[in-house]
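Below are the chains, spelled out letter by letter.
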Amino acid sequence: MPTVDDVLEQVGEFGWFQKRTFLFLCLISAILAPIYLGIVFLGFTPDHRCRSPGVDELSQRCGWSPEEELNYTVPGLGATDGAFVRQCMRYEVDWNQSSLGCVDPLASLAPNRSHLPLGPCQHGWVYDTPGSSIVTEFNLVCADAWKVDLFQSCVNLGFFLGSLGVGYIADRFGRKLCLLLTTLINAVSGVLTAVAPDYTSMLLFRLLQGLVSKGSWMSGYTLITEFVGSGYRRTVAILYQVAFSVGLVALSGVAYAIPNWRWLQLTVSLPTFLCLFYYWCVPESPRWLLSQKRNTDAVKIMDNIAQKNGKLPPADLKMLSLDEDVTEKLSPSLADLFRTPNLRKHTFILMFLWFTCSVLYQGLILHMGATGGNVYLDFFYSSLVEFPAAFVILVTIDRVGRIYPMAASNLAAGVASVILIFVPQDLHWLTIVLSCVGRMGATIVLQMICLVNAELYPTFVSRNLGVMVCSALCDVGGIITPFMVFRLMEVWQPLPLIVFGVLGLLAGGMTLLLPETKGVALPETIEDAENLRRKAKPKESKIYLQVQTSELKGP
């Protein structure tokens, strides 16, 4: 009886039907970009100072320039460590009193300004920006600055919690239904975030968006990898992630054109509704239909694929069956991942690598957004490096292997982070170059680790379980990264880079402790996993099908 892969070899592994479906589903991948990293623009924190009643009237009466107003009324100017004082403290002075002059008005109150009492801002802030962000609208600065971190962490918390349920929905009710349901909730929650009246409701809508958006991305990934033949599965999987990079590049341009955060959020959310047209454009996965014993429906879809590709279906198409190993029907447990010495070592190393690549990828982007010059250009330049990262993977994965490119990429990200500590502020171009190198390394690891993760576990343990458990650390890293970046920068600005450097160097060394899986047969039993040996890989083509519900980049 023919399998889906057997039929695809005859009717086209990547014909017109697959190409059209791939382009449709790439929209899902691109839409995830502003959800995952839109915080760079939605939560942009401009330079700010306390609003002091009476200062505007005094400035207007005296005809001060903006520079003179700052010099006369804002504490902490010129001090190397005066950012907090300048942005979060004010002189406790009644600026409406008539005794204040126009030339150094505070001189009449104290011979030295340092003797004047300071207090926290009580009347809001003045922001030096023509646009708006959640920071400027809800005053998420000074004592409330951590709320920006929480806003981003809620997305990653949603990724973590949502991945536990979305995979079940996709396996139980179908990939297409899961895709449409998560897409609808994603679109609605995105619009609700744009019109949220207060911070709390905005946070809840953002959490809801996180719960479904990564599941929507994974449903699209699963569908396209199940539609193509085994020879194209790896390439399509990587290119689907490249669509995410396209979304990042587009985001920088849209954010530049729309500096108001509410309109920006609405603009990037509305295209998600277009994905609801997949109901008519994208069929259900024939592999899932076969797993549900719906062979007649699967045969109809395969016949449709043959027609769209201009090929004749095989004569025995009605005998279509699912090629499934009996061992896949076993019920593995979490304990199986730690049952033997090598499995324990692989599991702990992979958990650390997932955690590290998430922290490095998201952390370098957030750090650049917080310390860079032109946030739009910096984000644009760093997003472009993800395209050569995909090219490097396609070129090296079968020629060089998996382990050495992963180790080199981790080391590159770590070394770049360390060097960034010593780059002077006037060499901004060098900062951008090093940040791009670090981000490229993190991108390569993030896209390659899923393949390595799946190849190291035996069928008996279930590769899906291994990838799901280890990749959960990716979302955990995403949850703590915003706090790691922004709170450590308050202590010392280069401190996050030190953490990134240490993590990257450790990850590079630990990667070398994993066995190379290039040219090695996929392990079927725990004994195989303990003694991986080099030989041809007859089942390599199945790897992307078996990890279809795992968590990939997307973060």
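Residues numbered from 1 in each chain as written. Predicted model: local features only at pLDDT ≥ 70, side-chain atom pairs only at ≥ 80, totals over all residues. Heavy atoms only, no water.

A. Structural view of the pattern of salt bridges. Summed over all chains, the structure comprises 15 salt bridges. Arg49 serves as the salt-bridge partner of Asp128, at 3.1 Å between the closest nitrogen and oxygen. Here Asp128 is found in the loop between strand E4 (125-127) and helix H7 (134-138), whereas its partner Arg49 is found in strand E1 (residues 48-50), with 79 residues between them in sequence. Note on Asp128: relative accessible area 43%, which makes it partly exposed. By relative accessible area, Arg49 is classed as buried at 14%. Note that Lys147 and Asp144 form a salt bridge whose closest N and O atoms lie 3.9 Å from each other. Overlapping salt bridges, with partners in common, bring together Asp5, Arg233 and Arg287 in one network. (Salt bridge = Lys/Arg side-chain N within 4 Å of Asp/Glu carboxyl O. Helix = DSSP H or I, 4+ residues; strand = E, 2+ residues; numbered from the N terminus. Buried < 20%, exposed > 50% of the residue type's maximum accessible area, 1.4 Å probe, protein only.)

B. Expanded view of helix H12 (residues 261-269). If you check which residues of H12 are buried, you get Trp261, Arg262, Leu264, Gln265, Val268 and Ser269. What you see down the axis of H12 is that its buried residues fit within an arc of 165°, all on one side. Two to three positions downstream of the cap, the backbone nitrogen of Arg262 sits 3.0 Å from a side-chain oxygen, assigning the N-cap of H12 to Asn260. (Arc of directions from axis to C-beta. Polar contact = N/O pair within 3.5 Å; in protein donor to acceptor, adjacent residues only side chain to side chain.)

C. The packing of aromatic side chains, seen in detail. Overall, the coordinates contain 18 aromatic pairs when judged by the stated rule. Here Phe41 and Phe379 contribute two aromatic rings whose centre-to-centre distance is 5.0 Å and whose plane-to-plane angle is 70°, an arrangement assigned as edge-to-face. One end of the pair, Phe41, is in helix H3 (residues 39-42); the other, Phe379, is in helix H17 (residues 375-384), with 338 residues separating them in the sequence. For the pair Phe41 and Phe379, a shared accessibility class is recorded, and that class is buried. Between Lys176 and the ring centre of Tyr279, over which it is positioned, the NZ or CZ distance is 5.1 Å. Between Arg439 and the ring centre of Phe379, over which it is positioned, the NZ or CZ distance is 5.7 Å. (Phe/Tyr/Trp six-rings, centres within 6.5 Å; stacked < 30°, edge-to-face > 60°. Lys NZ or Arg CZ within 6 Å of the ring centre and 35° of its normal.)

D. Representation of unusual backbone geometry in the model. Of note in this structure, Asn139 is not a glycine but carries a positive phi near 55°. Relative to the helices and strands, Asn139 resides in the loop between H7 and helix H8 (146-173). Of the residues examined, Asn139 reaches a relative accessible area of 25% and is grouped as partly exposed. Residue Lys293 is not a glycine yet carries a positive backbone phi of 65°. Assignment of secondary structure puts Lys293 in the loop between helix H14 (286-291) and helix H15 (295-308).

E. Focus on the side chain of Glu386. Along the chain, the position of Glu386 falls in helix H18 (residues 386-396). A distance of 2.4 Å separates a polar atom in the side chain of Glu386 from a polar atom in the side chain of Tyr361.

F. Expanded view of the domain arrangement of the chain. The domains assigned to the chain are domain 1 (1-42 + 137-326), domain 2 (48-97 + 114-128) and domain 3 (329-532). One C-alpha centre belongs to domain 1, the other to domain 3; they are set 23 Å apart. Contact with domain 3 buries surface across domain 1, with Asp149, Arg234 and Ile238 losing the most and accounting together for 18% of the total. Inspection of the region where domain 1 meets domain 3 yields three salt bridges. Note that Asp149 and Arg487 form a salt bridge whose closest N and O atoms lie 2.6 Å from each other. Counting across the domain 1 and domain 3 interface gives nine residue pairs in polar contact (both at pLDDT 80 or more). (Domains from an automatic or database assignment. Buried area = accessible area lost by both parts, 1.4 Å probe.)

G. The nonpolar core, seen in detail. Residues Ile134 and Tyr361 are the most contacted members of the largest nonpolar core, which totals 130 residues. Per-element accounting of this core gives the leading share, 14 residues, to helix H16 (residues 341-371). Apart from the residues within four sequence positions on either side, Ile134 is in contact with Ile39, Leu42, Gly43, Asn139, Leu140, Phe151, Met202 and Trp261. Judged by nonpolar contacts, the second largest core, of twelve residues, contains Val55, Tyr72, Val93 and Leu116. (Core = buried A, V, L, I, M, F, W, Y, C linked by side-chain atoms within 4.5 Å. Contact = heavy atoms within 4.5 Å.)

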